[in-house]
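Notes for the structure review
Letter by letter, the chains look like this.
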Amino acid sequence: MTITLKALNGGTIDVAQAKLADFGAELSGRLIDESDRDYDEARTLWNGMIDRHPAHIVRALDTNDIRLTVDFARENDLLLAIKSGGHQIAGHAVADGALLLDLSQMREVAVDVENSTAKVQPGCLLSDVDQATQAHGLAVPLGINSTTGVAGLTLGGGFGWITGKHGLTIDNLLSAEVVCADGKVRVASANENSDLFWAIRGGGGNFGVVSSFKFALHPIGPEVLAGLIVHPLADARDLLRSYRDICASAPDELTIWAVLRQAPPLPFIPEEWHGKDVLIFAACYAGDMEDGKLALQEVRDLGNPIADVISPHPYAGWQQAFDPLLTPGARNYWKSNDFLTLSDDVIDISLAAIENLPDPQSEVFIAHLGGAMTRVAPAATPFSQRKRHFVMNVHTRWSDPAKDKACTAWARDLFNQTAAHAAGSVYVNFLPSDDNGRMDEAYGPNMEKLRQYKAKYDPKNQFRLNHNI
Ligand SMILES: Cc1cc2nc3c(=O)[nH]c(=O)nc-3n(C[C@H](O)[C@H](O)[C@H](O)COP(=O)(O)OP(=O)(O)OC[C@H]3O[C@@H](n4cnc5c(N)ncnc54)[C@H](O)[C@@H]3O)c2cc1C
């Protein structure tokens, strides 16, 4: 008896059932197929647009399971997919007919308080790390939706509320354990396999499977001054111009992001505004409360807000503030670009687009990155856009498959209209699958070195289900 799996070269391969059974028997975790009760949970991704059926799934429990899986895939020429948090918009983590290495059961965080470091297993979600580190008043910069996977976020760069103060997630990576295409388990750090260490700090899953991350931690909170300020969209033109100026001279501790959307039915927004077009400033001050009050005053003084709910929040709680708007299962399509400044034209084009929102769940999201992340050289890691900049992400989100065409067209249209003003770079973790061709924008002058290291560590492109180098 044989089982048919997808081959690395795109065809299919028949593997003897007995061989698969022997492989499964070696694992500490489980090898499952569609008959297993956990199959659907293990193959499901955050983005409801993606519904794929791998042939078999390894639910790994340790580094040895990862090594055995990489070896089995290589020896049998199998297409191997890697899934950690399952949040990537492009959905590379699961492929039809492939062997799926599911790391979601590896969720331990070990905090070394004395040395302010944390060892993090690859299946951890941001909330796992935030909870464990905040128990000691510590944190590593991560993203803003607590159900995102640490692994994919880190391998692409990683930014969030404390990036201005402490840099990108990769700027805080001290070392990693990587299971490479040849099945060898390598430590990657500044002193060991430093080329591999360079490559995984932005180069995604191209270089191997990371089985453990070690991060530097920083004292944060446990309370930070944070919250939302909501304005009518009609006032947004002037407000966004002022926002741009405030960001240009913001201290490292202050992060303010802007969201253009319809007001969600949140209790602090007056009911008559629910469903109306609004501009939301989301802000966080990663430092002393009194300094934060002063730093936030300028943005709080702008215009006539509908609501202002800036107040002290537990940092770990603030890290979950956006979770209700970003629940898994909805259909999502993103288009993203970096901007060195928010020109008046970009502001006007974006505001016009909001008046034609294709679905109440969709939004335009503008993050501002500056501070510590700009003090790392562009060539120090693959993440090459190290200038102070805005990241615009056109977050199209909807539920009805009948709206797929209209929603993706809206995102592409806004992206195309603003593209002429963009910086020429893009954050790899925000690229949808049909933007695979934008690797040169994602990595800029670092692309050539990434290609060299890819040839060294994965010459047969065994790790190809990713934004591929
Ligand atoms: C709602 C939402 C909010 C987000 N917010 C932010 C944010 O604030 N800041 C930010 O920086 N990013 C953010 N992101 C983007 C996020 O960083 C990426 O989606 C990231 O890929 C998610 O990681 P994951 O482990 O969940 O990915 P998965 O979907 O599990 O994996 C994606 C790919 O990463 C690779 N990969 C995953 N794990 C490993 C591993 N252990 N070893 C090797 N390769 C691996 C594989 O190629 C895999 O196909 C957000 C995404 C979403 C959906």
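The following paragraphs examine the structure supplied in this document. Just so we're clear, the structure is a prediction, and the values are computed from it rather than from any experiment.

**Quick notes on the pairing of strand S19 (residues 331–339)**
The element S19 is largely enclosed, with a buried count of nine among its nine residues. Bridge count between S19 and strand S21 (residues 389–398): nine bridges; the pairing is antiparallel. Note on S21: the bridge partner recorded for Phe339 is Phe390.

**Focus: the side chain of Asp128**
Locating Asp128 in the fold gives a position in helix H4 (residues 126–134). Residue classification places Asp128 among the buried positions, given a relative accessible area of 18%. At 2.8 Å, the side chain of Asp128 and the side chain of Arg107 are in polar contact. Look past the residues within four positions of Asp128 in its chain and what remains in contact with it is Arg107, Val109 and Gly123.

**Details of the packing of aromatic side chains**
For the structure on display, the rule yields 17 aromatic pairs. An angle of 10 degrees between the planes, with centres 5.8 Å apart, marks the rings of Phe213 and Phe215 as stacked. Between Trp318 and Phe322 the ring centres are 5.9 Å apart and the planes differ by 70 degrees, which places this aromatic pair in the edge-to-face class. With relative accessibility at 12%, the residue Phe322 sits in the buried group. A connected cluster of aromatic rings, assembled from ring pairs, spans Trp46, Phe159, Trp161, Trp257, Trp318, Phe322, Trp334, Phe365, Phe383, Tyr427 and Phe430. For the cation-ring pair, Lys335 lies above Phe415, with the distance from its terminal atom to the ring centre recorded as 4.4 Å.

**Considerations on the side chain of Asp71**
As for its placement among the helices and strands, Asp71 is situated in helix H3 (residues 63–75). In terms of polar contacts, Asp71 uses its side chain to reach the side chain of Arg74, at 2.9 Å. If near-sequence neighbours (up to four positions away) are discounted, Asp71 is found in contact with Asp182 and Gly183.

**Some thoughts on the pattern of salt bridges**
With the rule as written, the count across this model stands at 32 salt bridges. Across the salt bridge formed by Arg261 and Glu363, the nearest N and O atoms sit 2.6 Å from each other. With a gap of 102 residues between them, Arg261 in strand S15 (residues 254–262) and Glu363 in strand S20 (residues 363–369) connect regions that are remote in the sequence. Judged on exposure class, the residue Arg261 and its partner Glu363 are both buried.

**Points about the sheet that holds strand S10 (residues 173–179)**
What the five strands build is an open sheet, ordered S7-S8-S12-S10-S11; its pairing is antiparallel. This sheet does not close on itself; its edge strands, each paired only once, are strand S7 (109–112) and strand S11 (185–189). Within the sheet, the average angular offset between the axes of one strand and its neighbour, ignoring direction, is 15 degrees. With four bridges connecting them, S7 and strand S8 (residues 117–120) associate as antiparallel partners. Paired with Ala110 across the bridge in S8 is Lys119. H3 contacts S10, S11 and strand S12 (209–216) of the sheet and is inclined by roughly 50 degrees relative to S10.

Parameters at a glance
- Residues numbered from 1 in each chain as written.
- Predicted model: local features only at pLDDT ≥ 70, side-chain atom pairs only at ≥ 80, totals over all residues.
- Heavy atoms only, no water.
- Buried < 20%, exposed > 50% of the residue type's maximum accessible area, 1.4 Å probe, protein only.
- Helix = DSSP H or I, 4+ residues; strand = E, 2+ residues; numbered from the N terminus.
- Pairing = 2+ DSSP bridges.
- Polar contact = N/O pair within 3.5 Å; in protein donor to acceptor, adjacent residues only side chain to side chain.
- Contact = heavy atoms within 4.5 Å.
- Phe/Tyr/Trp six-rings, centres within 6.5 Å; stacked < 30°, edge-to-face > 60°.
- Lys NZ or Arg CZ within 6 Å of the ring centre and 35° of its normal.
- Salt bridge = Lys/Arg side-chain N within 4 Å of Asp/Glu carboxyl O.
- Axes fitted to C-alpha atoms, helices over the stretch in contact; angles between N-to-C directions.

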